[in-house]
Amino acid sequence: MKKILLWILSLTVLTAYFARAGEYRVTLKVKDVLLTDCFKRITEQTDVAFVYSDELVANRKVQCDFENYSLDDALKELLTPLKLEFKFPNDHQCIIFKRVLESFFNLEGTIVDEKTGETLPYALVSIEEMNLGDIANSNGHFTIQRILSQKCRVSVQRIGYLKKSVVITLDSSASNITIGLEESALKFNPVIIKEENYELFKISNTVSSFSFSPQDYSLLPVIGDKDISRSLQLMPGIATSNFGASGLNIRGGMPSENLMLFDGIPLYHMNHSFGFFNAFNPDAVKDIQVSKGGYPAKYGGRLSGVIEFTIKNGDFNNPHVSAGVNQMSGNVLTEIPLFGKGSLVLSGRRSFSNNILGSLYKNVFNSFKQNVILYEPAAQRPDNFSSDTKQNYFYDIIGKVTLVPTDHDIVSVSYFSGLDKIETSGKPQKVTTWFTESSNAKNTGYSVRWSRQWHSQFVSTVLYSDSKYMIDNSKFWDNDKPLDTLVINRLDTQNNLEDKSVRLDNQWDIQSLHKFEFGLSYSQFSSAFNFDMQYTPFKTVETKNEFQIDQSHLLTWYVQDTWNISSRSTSTAGIRINKHQHTQSIQYEPRVSFNYIAADHVIVKGAWGKYYQYVMELDDFANLLQGRVSWIQANGEDITQSSADHYILGVKFEDADMLFDAEIFYKKLYNLPETLHEWQITEKFHQSSLTSQNSGNAKGIDLQVRKKVGPFFGWISYSYCKTMTEYYTKGILLISPSSNDSPHKMDIAANYTVGSFTFSATWQYISGRPYSIPKLERNGAGAVIGFAEPDEYNSERFPASHVLNAAVSYSYAADSFRMHGGISVYNIYDRKNIWYRMVNVKNNQIVNADVYMLGITPTLFFEVQL
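### Some remarks on the overall build of the protein
Of regular secondary structure, the protein possesses seven helices and 54 strands. For the protein, buried positions account for 57% of its 866 residues. Considering only residue pairs separated by 6 or more positions, the protein has 66% of its internal contacts joining residues 24 or more positions apart. With an accessible surface of roughly 35,300 Å², the protein has 56% of that area assigned to carbon and sulfur atoms.

Here it is as structure tokens:
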């Protein structure tokens, strides 16, 4: 690890050594010498050529005394008295021009989809020859100030769309334009334009962040249904505990440590099928912005990363409908214009479970159930049931109304609802026991947003959101006799969480030098938790627990400034201030980041920051049986808020064809909630009594090499992340790997398009996670009477997992009709990857039971768009 860190630091130093124009050193001592002669002497020292008009510098004499000045400082001191300015269009050229404030022009506008009129967020707008630019906000609006020429070429780039350049003549006052982009949509484009850039992911110049193109996610192999999370898991630094989960472990963190914003709605549960699939239809998503750490003060409440989803606004001009089907589910999406002033978007998806199309869902369901049956006697296992009724399915619904009542206002209302339902009732074969199971996990939310463009440089957004997570699981066996090792007679878990928030965000662009953002938010949290189990492992035990209900509120202020220090350097500094109901004092979260153009195509970047989390995940034995998680709150007594410190340094090289990105990171973690281990189920009482909080750290490196253009493109990425936990045993501080520690991860993705066919393949490798094996407690006769704490936690480790997936698809596009279909094969070489390893007791000895993930699994898919 030290060698890797030294390698990155050396690379950073070397790139800075081969200096840009602004970092050359100049020594010049003259008196009453022509300015043109001074330029020649500076050129001899720096190889920077000066461009100017003869009349601008004719017969001008200067005097100066520079000793090892930077070129920027030397030119400022030399030219300012002459009322001249300079700009570097590249590292080896400097333009000299007259300082005439009256000649500056401003440009503002909106980036839209050329076909639908839908606004496009986060597009990069630039005037390349002047090194000026801006990133469009969430409403597609941008502002560029202090433009020196009345006529300029504006270039617009956005992931999922073809790059566009337009020549614009500016007015004396601020000009307002609309620029439409053409969707690249690889899956519907039978023509390969080699010089165009077809990226599924766009790595930002900002540290640890990238954008993702939902339009082309289906170019990658899938398991049953399209899944954004599984596509994101192909990026360095984003892993999963195993290939059987769609959760996102970002740089050693847990999925619950990520801020998931779905059109401003914070999501607390985003998975279907026991964590196997994303909980929303990706066809309804327009844009995804991801930060793996070091994110600015605007975002808070989580320790690891931020994933921001923007729902489609819809076509303002024409109605559309699309539908798709596969062996897992069916989905439909409609877009309805509203009087030329807005649009309505509706999306729905439901799994199949009771016919031939539901075969894959049944496989997933039965695979997961193996986790439960290891704790149930053979006669009680669900696969031996003669079932009377059974309902196993999931669905999700997304809706959004967008209205543009004026040229300066946008109003939107977004809604999301997802449900996982399991109902099973029946009698086991050859046994009189009756079994009943019921499980409902639901996540709903809505947001109301109003954005107002008060001025070309000032915009405000007010957002109200309400997010609810509800789960109720119940299992009952009408039997109290031990048939094997462990009999569970009754198991009930409930967990509810509601987050109501109102937020105000403001952005003020100051002369293209500063983007000043500030705002405040107020959140109310309400949670309830209950666990109740009766079982007979070695003796009959019953634990009871009344609902524990917690309520709290959080008030937050933030301010941050993105400063364009020069044409080659930008920094963002800010602070987030929190006042939580159950904390004794105000808590501060200072944050700073930077990026620096060290040489042609080379950017050095870094970040540091403090982060707090007040609503946290509790993962315990009850959730393991149910495949769920529970949410708890900091209460100022026995549960303390978690926190983390981020340190990140990286370098990026990118040209038109290739990209190389590397980042090293270190996270110091405090007060992470953990629970008693699964063999201690006899000690389940009040929620707070089973919660301990430990510190730890995560450190590592993310690397990626990518070929970006042409009919064949793809990437190779590698991540190293070591995650450690500090804990006390009998008053002694010990350190062991965290339960989600998977140090090595490698991803290879390749895509080849020829005509209307696209061939794709991915290979993923994840090193095995650690786990603990408890000791057995015995009586004087040697019989097992229970479990005891292991000598060392997480001393064992699962075997590594790896999987090869491939897909082939065919696309057809006409004026108003699009079709896309194909076949995807998961786990081609049928690797037996371990999902879980359970501990049980048989014949007074510990026995490990392995549960495997899906083997080779083909999926047929088909979709149409009108």
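### Here's the deal with the sheet that holds strand S18 (residues 265-266)
An order of S13-S14-S21-S22-S17-S18 is seen for the six strands of this open sheet, with the pairing classed as mixed. A single partner strand is all that each edge strand has here, and the edge strands are strand S13 (201-203) and S18. Of the strand pairs in this sheet, strand S17 (residues 258-262) and strand S22 (residues 305-311) are connected by five bridges, and their pairing is parallel. Bridge pairing in S22 places Phe262 opposite Phe309.

### Thoughts on the pattern of salt bridges
Enumeration over the complete set of coordinates arrives at 27 salt bridges. Across the pair Lys164 and Glu114 runs a salt bridge, and its minimum N-O distance is 3.4 Å. Linking Lys164 in strand S11 (residues 164-169) with Glu114 in the loop between strand S6 (105-113) and strand S7 (124-127), this pair joins segments that are 50 residues apart in sequence. Residue classification places Lys164 among the partly exposed residues on the basis of a relative accessible area of 28%. What makes Glu114 partly exposed here is its relative accessible area of 47%. Here the salt bridges do not stand alone but share partners, grouping Arg251, Lys292, Lys605, Asp661, Glu663 and Asp702 into one network.

### Notes on helix H2 (residues 35-46)
With 12 residues, H2 extends 16 Å from end C-alpha to end C-alpha; this agrees with the ideal 16 Å at 1.5 Å per step. Taken together, the buried positions of H2 are occupied by Leu35, Cys38, Phe39, Ile42 and Thr46. With its buried residues spanning 100° around the axis, H2 presents them on a single face. Turned more than 90 degrees off the buried face of H2, the exposed positions are Lys40 and Glu44. Taken from the residues just after H2, Asp47 is the one with a positive phi, measuring 65°.

### Quick word on the sheet that holds strand S8 (residues 132-135)
Pairing in this open sheet of four strands is antiparallel, and the strands run S8-S7-S10-S11 from one edge to the other. Unpaired on one side and paired on the other, S8 and S11 mark the two borders of the sheet. Adjacent strand axes in the sheet meet at a mean angle of 20°, parallel and antiparallel pairs treated alike. Here three bridges tie S7 to strand S10 (residues 151-157), and the two strands are oriented antiparallel to one another. For Ser126, the partnering residue across the bridge sits in S10 and is Ser155.

### Regarding the packing of H2 against helix H4 (residues 71-79)
Two measures define how a pair of helices packs: the angle their axes make with one another and the distance between the axes. Across the interface, H2 lies against H4 with an axial gap of 13 Å and an inter-helix angle of 175°. Judged by the angle between their axes, H2 and H4 are roughly antiparallel. Here H2 contributes Leu35, Cys38, Phe39 and Ile42 to the contact with H4, which in turn contributes Leu71, Leu75, Leu78 and Leu79. Its residues placed into classes, the contact of H2 with H4 shows eight nonpolar, no polar and no charged.

### A short note on the packing of aromatic side chains
Inspection of every chain in the model, using the stated rule, returns 17 aromatic pairs. Taking the centre distance of 5.9 Å and the plane angle of 55° together, the rings of Phe262 and Phe309 count as tilted. Here Phe262, found in strand S17, pairs with Phe309, found in strand S22; they are 47 residues apart in sequence, far enough to count as distant. Across the pair, Phe309 and Phe262 agree in class, each one buried. By the ring-pair criterion, three or more aromatic residues cluster together here, those being Phe39, Phe50 and Tyr52.

Quick notes on the rules
- Residues numbered from 1 in each chain as written.
- Predicted model: local features only at pLDDT ≥ 70, side-chain atom pairs only at ≥ 80, totals over all residues.
- Heavy atoms only, no water.
- Helix = DSSP H or I, 4+ residues; strand = E, 2+ residues; numbered from the N terminus.
- Buried < 20%, exposed > 50% of the residue type's maximum accessible area, 1.4 Å probe, protein only.
- Contact = heavy atoms within 4.5 Å.
- Areas by Shrake-Rupley, 256 points an atom, 1.4 Å probe, with all protein chains shown as cover.
- Pairing = 2+ DSSP bridges.
- Salt bridge = Lys/Arg side-chain N within 4 Å of Asp/Glu carboxyl O.
- Expected span 1.5 Å × (residues − 1).
- Arc of directions from axis to C-beta.
- Axes fitted to C-alpha atoms, helices over the stretch in contact; angles between N-to-C directions.
- Parallel < 35°, antiparallel > 145°, perpendicular 65-115°, else oblique.
- Nonpolar A, V, L, I, M, F, W, Y, C, P; charged D, E, K, R; others polar.
- Phe/Tyr/Trp six-rings, centres within 6.5 Å; stacked < 30°, edge-to-face > 60°.

Just distances and angles here, no functional claims.
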